[in-house]
Amino acid sequence: MKRLVWLLALMASPAFAQIHIENAWSRATPPGTPIGVGYMTIRNTTPKPDKLIGASSPAAGSVEPHVTIKDGDISRMRKVPGYDIPANGTFTLQPGGAHLMLMNLKAPLKEGESVPLTLKFQHAGEVKTELQVRALGATGGMGGMQGMGGMKHQ
């Protein structure tokens, strides 16, 4: 019985986490901008689907899951309850798609810094990561330039 309890405790430890966060990043923000963004790839290495149901950061008043929806020539961002992470699969948060909104930033996000972020999953629990802050117009990959023109936030 002791061996079973020890094994279960060991499997619940962060070292055995089955959710892996890759390429977590954000964009720098100009002074006075109250919102920032978070992008990443979430990898689920289990045979059971999971769901990202929340997030928090000491850099923001709140962190909300959002999606970008194309409405004619305008892209609109909308809050969603979370993101389904497929079994043995990945889910990518990226510009123009699903992303995290860091609301009520406590200070501007500066290129080269990192932002602590705690993700909360329905089954995996909390997973800590850091968003690497890239240039203001970064689009992902190697940090190319692209503004957020044409986006409306709701």
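Data block above holds the structure.
For every chain, the first residue of its written sequence is number 1, and the numbers climb from 1 along that sequence. The predicted nature of this model means local features are confined to residues of pLDDT at least 70 and side-chain atom pairs, given and counted, to a pLDDT of 80 or more, with totals for whole chains, interfaces and linings taken over all residues. Hydrogens and water molecules were not included; the side-chain quantities draw on all heavy atoms of the structure.

For the protein chain, the count of helices and strands is 1 helix and 11 strands. The numbering of helices and of strands both runs from the N terminus, where a helix is a DSSP run of H or I of at least 4 residues and a strand a run of E of at least 2. Secondary structure elements of the protein chain occur, N-terminal to C-terminal, as α-β-β-β-β-β-β-β-β-β-β-β. Throughout, exposure labels follow a simple rule: accessible area from a 1.4 Å probe, protein chains only, divided by the maximum for the residue type, with under 20% read as buried, over 50% as exposed, and the rest as partly exposed. Burial status across the protein chain gives 39% buried among its 154 residues. Here the contacts in the protein chain between residues at least 6 apart in sequence split such that 68% fall between residues at least 24 apart. Calculation of accessible area relied on Shrake-Rupley with a 1.4 Å probe; when residues are assessed, cover is drawn exclusively from the protein chains displayed. Counting only carbon and sulfur atoms, one obtains 57% of the accessible surface of the protein chain, whose full area is about 8,800 Å². In this analysis, two residues are considered to be in contact whenever any of their non-hydrogen atoms come within 4.5 Å of each other.

Looking now at the packing of aromatic side chains. Pairing of aromatic rings covers Phe, Tyr and Trp, the last counted by its six-membered ring, and requires centre-to-centre distances within 6.5 Å; plane angles under 30 degrees mean stacked, over 60 mean edge-to-face, and any other angle means tilted. One pass over the structure, following the stated rule, counts 2 aromatic pairs. Their ring planes at 40° and their centres at 4.6 Å tell us that tryptophan 25 and tyrosine 39 sit as a pair that is tilted. Here the residue tryptophan 25 occupies a position in strand 1 (residues 19-27), and tyrosine 39 occupies one in strand 2 (residues 35-44), the gap between them amounting to 14 residues. Across the pair, exposure class does not vary: tryptophan 25 and tyrosine 39 are buried alike. Arranged with centres 5.1 Å apart and planes meeting at 25°, the rings of tyrosine 83 and phenylalanine 91 form a pair that is stacked.

Here we come to the pairing of strand 1. Paired strands, in this sense, are two strands between which DSSP finds at least two bridges. Summarising the sheet, strand 1 and strand 2 pair through 5 bridges and their orientation is antiparallel. Residue pairing for strand 2: histidine 20 is matched across the bridge by arginine 43. Note: strand 1 against strand 10 (residues 125-134), 3 bridges, orientation parallel. From the neighbouring strand, serine 26 faces strand 10, where its bridge partner is valine 133.

A separate point is unusual backbone geometry. With a phi close to 50°, asparagine 23 is a non-glycine residue in the positive phi region. Note on placement: asparagine 23 falls in strand 1. You can call asparagine 23 partly exposed: its relative accessible area is 47%. Phi angles above zero are rare outside glycine, and asparagine 104 is one such case at about 55°. Locating asparagine 104 in the fold gives a position in strand 8 (residues 99-105).

Further remarks concern the pattern of salt bridges. Whenever Lys or Arg places a side-chain nitrogen within 4 Å of a carboxyl oxygen from Asp or Glu, that contact is recorded as a salt bridge. Scanning all chains against the criterion turns up 3 salt bridges. Between arginine 43 and glutamate 22 there is a salt bridge, with its nearest N and O atoms 2.6 Å apart. Of this pair, arginine 43 sits in strand 2 while glutamate 22 is found in strand 1, placing the two residues 21 residues apart along the sequence. A residue is classified by how much of its surface remains accessible, and arginine 43, at 31% relative accessible area, is partly exposed. Looking at glutamate 22, the relative accessible area reads 29%, which means it is partly exposed. Of the charged contacts, one joins lysine 79 and glutamate 64 as a salt bridge, the two residues approaching to 3.9 Å between their closest N and O atoms. With lysine 79 in strand 5 (residues 74-79) and glutamate 64 in strand 4 (residues 60-71), this pair connects stretches of sequence that are 15 residues apart. By relative accessible area, which is 18% here, glutamate 64 ends up buried.

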